[in-house]
Amino acid sequence: MTAPEVTPRSYQPQDTLYLWTLINPASPVLTGAVSLSALVPNCATFTYAADWWQFALSENLPLMAGQVFSAGEKDSAPGALDDARPDRWGERIIRHIDRPARLSILEMLLFAGDDRFGALGVSTSAEHYLPRRIGPYPQLRDLAALVRAVEDVQSQAPVTPEIQRLVQPGVTLGGARPKALLHTDSGACIVKFSELDETVDTPLIEHATMTLAALAGIRVAATGVLAIPSRHAHHKSRHALTIQRFDRLQTDSLNLRLHCISAKTALAAAGLTESYGALATVLLRQAHPERQKNQREELFRRMVFNILMDNTDDHERNHCLRLGFDGYYELAPAFDVVPTLQNMGYQALVVGQHGAQSTLDNALTELSEFGLTRPRALELIQSVARVVEQWSRHFQQLGVCAADREQLAASIDRDDLRLQRQVYC
Ligand SMILES: Nc1ncnc2c1ncn2[C@@H]1O[C@H](COP(=O)(O)OP(=O)(O)O)[C@@H](O)[C@H]1O
Ligand SMILES: [Mg+2]
């Protein structure tokens, strides 16, 4: 017998839902109960199931049967549950397209659906994993229609069944920019689109930046681009970015999911401030002893790259930790690495003793937090700076047009950044 599915029409608001873990989606395991707090508005609480023992979902959700966990704030979900919620784009789809009978944090958790970030799932039942199922993913041949559907959602056009079919599976991912899930020959991937008002071809630029980061020795999620058919012949070409998921593992016989938490969750759970150094400290505590050194160097590289490429949107949800099958965390591959073109001069996370200031001098002030000697740190900076020095050629090779490169140069090559990197080239 197949279980009845949960749909926005059939769903009756419940004050308790159930959290399941889907490391192997073929056999979901009940993990706990999620309820609405009686004290704080729109605040989710969490209790582990009595027989869940596999791992603590985050450091601030230790395995204690019967304990009720809560972040105690309006619109919050405790610990790792925060990463199982949709973000701005997903909430928008749930509000405008799903429109369930109630829109509390519990519905946001449920309607984020069956293929969300990480390995957690939400069900209406404690006996069976009964998620909000999502339809089949759009295919490559749907791309043009998908782009139109995403634009229609952005401009709040009336919802048609076509929009619903194409856009709905994409609620499962976080972030603010429009995105969808797409089925390609090499499996499912994330597709990211431009915002309506963007003057540059951001998806292509993100692809160029991610591949440049890889040349700088950073482990990145694999990306590609798809050309978007233009509606008007005189428009410049546009792209969508495809990203391979790092929270899924496909082998010949198995399809597995990896538990992931954002740096936001990891830092809050450890009671640490939002800084690169603190994240390096989390890695020291939670990464495999033989890989800590490497992981903390990797984080240092990412910080330096973000500074030099004007990626000042490097906030705590744009870094993730992934739980390996050996029980240790590691930095998930880098994602959402793209110049912000705002010339802000400060990062979203604290860099060093001069706060979030985007300078290499600042990056050199807290080396002990990264376990780095000064000579090694200088070596890492040099190897990143030399790659960044070549950004324009790399972007040109990948097809970023001259007009866009000119806009990028106004950020990446402004004196503030260029002079800093050229000290090391
Ligand atoms: N390659 C990936 N694999 C798994 N999850 C990802 C991947 N890339 C992004 N995500 C998740 O999706 C969220 C949104 O993606 P992101 O690229 O940051 O989009 P946005 O530009 O909208 O912030 C991320 O915060 C992360 O949780
Ligand atoms: Mg992001």
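Residues numbered from 1 in each chain as written. Chains lettered and ligands numbered in written order. Predicted model: local features only at pLDDT ≥ 70, side-chain atom pairs only at ≥ 80, totals over all residues. Heavy atoms only, no water.

## Observations concerning the packing of aromatic side chains
Then, number 1: For the structure on display, the rule yields nine aromatic pairs.
Then, number 2: Ring plane angle 80° and centroid distance 5.0 Å describe the contact between Phe-46 and Tyr-48, whose orientation is recorded as edge-to-face.
Then, number 3: Centre to centre, the rings of Trp-391 and Phe-395 are 5.3 Å apart; their planes meet at 85°, and the pair counts as edge-to-face. Of the two residues, Trp-391 and Phe-395 are both situated in helix H12 (residues 391–397); the distance of four residues between them amounts to about one turn of the helix.
Then, number 4: Owing to a relative accessible area of 1%, Trp-391 belongs among the buried residues under this scheme. (Phe/Tyr/Trp six-rings, centres within 6.5 Å; stacked < 30°, edge-to-face > 60°. Helix = DSSP H or I, 4+ residues; strand = E, 2+ residues; numbered from the N terminus. Buried < 20%, exposed > 50% of the residue type's maximum accessible area, 1.4 Å probe, protein only.)

## A word on the domain arrangement of the protein
By a frequent convention, interface size equals the accessible area lost on bringing the separate parts together.
Then, number 1: Domain annotation for the protein reports domain 1 (16–123), domain 2 (140–244) and domain 3 (259–422).
Then, number 2: Using only C-alpha atoms to locate each centre, domain 1 and domain 3 end up separated by 30 Å.
Then, number 3: The partner domain 3 presents 16 residues to the 16 residues of domain 1 that form the contact.
Then, number 4: When domain 1 packs against domain 3, close to 1,200 Å² is buried across both sides, 55% of that on carbon and sulfur atoms.
Then, number 5: Between domain 1 and domain 3 we count two salt bridges in total. (Domains from an automatic or database assignment. Contact = heavy atoms within 4.5 Å. Buried area = accessible area lost by both parts, 1.4 Å probe. Salt bridge = Lys/Arg side-chain N within 4 Å of Asp/Glu carboxyl O.)

## Here we look at the packing of helix H8 (residues 292–308) against helix H11 (residues 374–388)
Then, number 1: Viewed as axis vectors pointing N to C, H8 and H11 meet at an angle of 45°, and their least axial separation amounts to 10 Å. With respect to H11, the element H8 is oriented oblique. Considering the relative orientation of H8 and H11, their crossing is right-handed. Contact residues: Glu-297, Phe-300, Arg-301, Val-304, Phe-305 and Leu-308 in H8; Arg-376, Ala-377, Leu-380, Ile-381, Ser-383, Val-384, Ala-385 and Val-388 in H11.
Then, number 2: Considering only residue class, the contact of H8 with H11 consists of 10 nonpolar, one polar and three charged. (Axes fitted to C-alpha atoms, helices over the stretch in contact; angles between N-to-C directions. Parallel < 35°, antiparallel > 145°, perpendicular 65-115°, else oblique. Left-handed = near helix turned anticlockwise from the far one by under 90°. Nonpolar A, V, L, I, M, F, W, Y, C, P; charged D, E, K, R; others polar.)

## A word on the coordination of the magnesium ion (ligand 2)
Then, number 1: Around the magnesium ion (ligand 2), the protein contributes the donor atoms Asn-318 (OD1) and Asp-336 (OD), which lie 2.1 to 2.2 Å from the metal centre. Placement of the pair is Asn-318 in the loop between H8 and strand S13 (320–323) and Asp-336 in the loop between strand S14 (329–331) and helix H9 (360–363), with a sequence separation of 18 residues. The same class applies to Asn-318 and to Asp-336, which are both buried. (Donors = N, O, S within 2.8 Å, 3.2 Å for Na, K, Ca; no water.)

## Quick look at helix H1 (residues 88–98)
Then, number 1: Here H1 has its buried residues at Trp-89, Gly-90, Ile-93, Ile-94, Ile-97 and Asp-98. With its buried residues spanning 140° around the axis, H1 presents them on a single face.
Then, number 2: Tucked inside the fold, the buried residues of H1 contact helix H2 (105–111), helix H3 (143–154), helix H4 (161–167) and strand S6 (179–184).
Then, number 3: Just downstream of H1 lies Arg-99, where phi reads positive at about 45°. (Arc of directions from axis to C-beta.)

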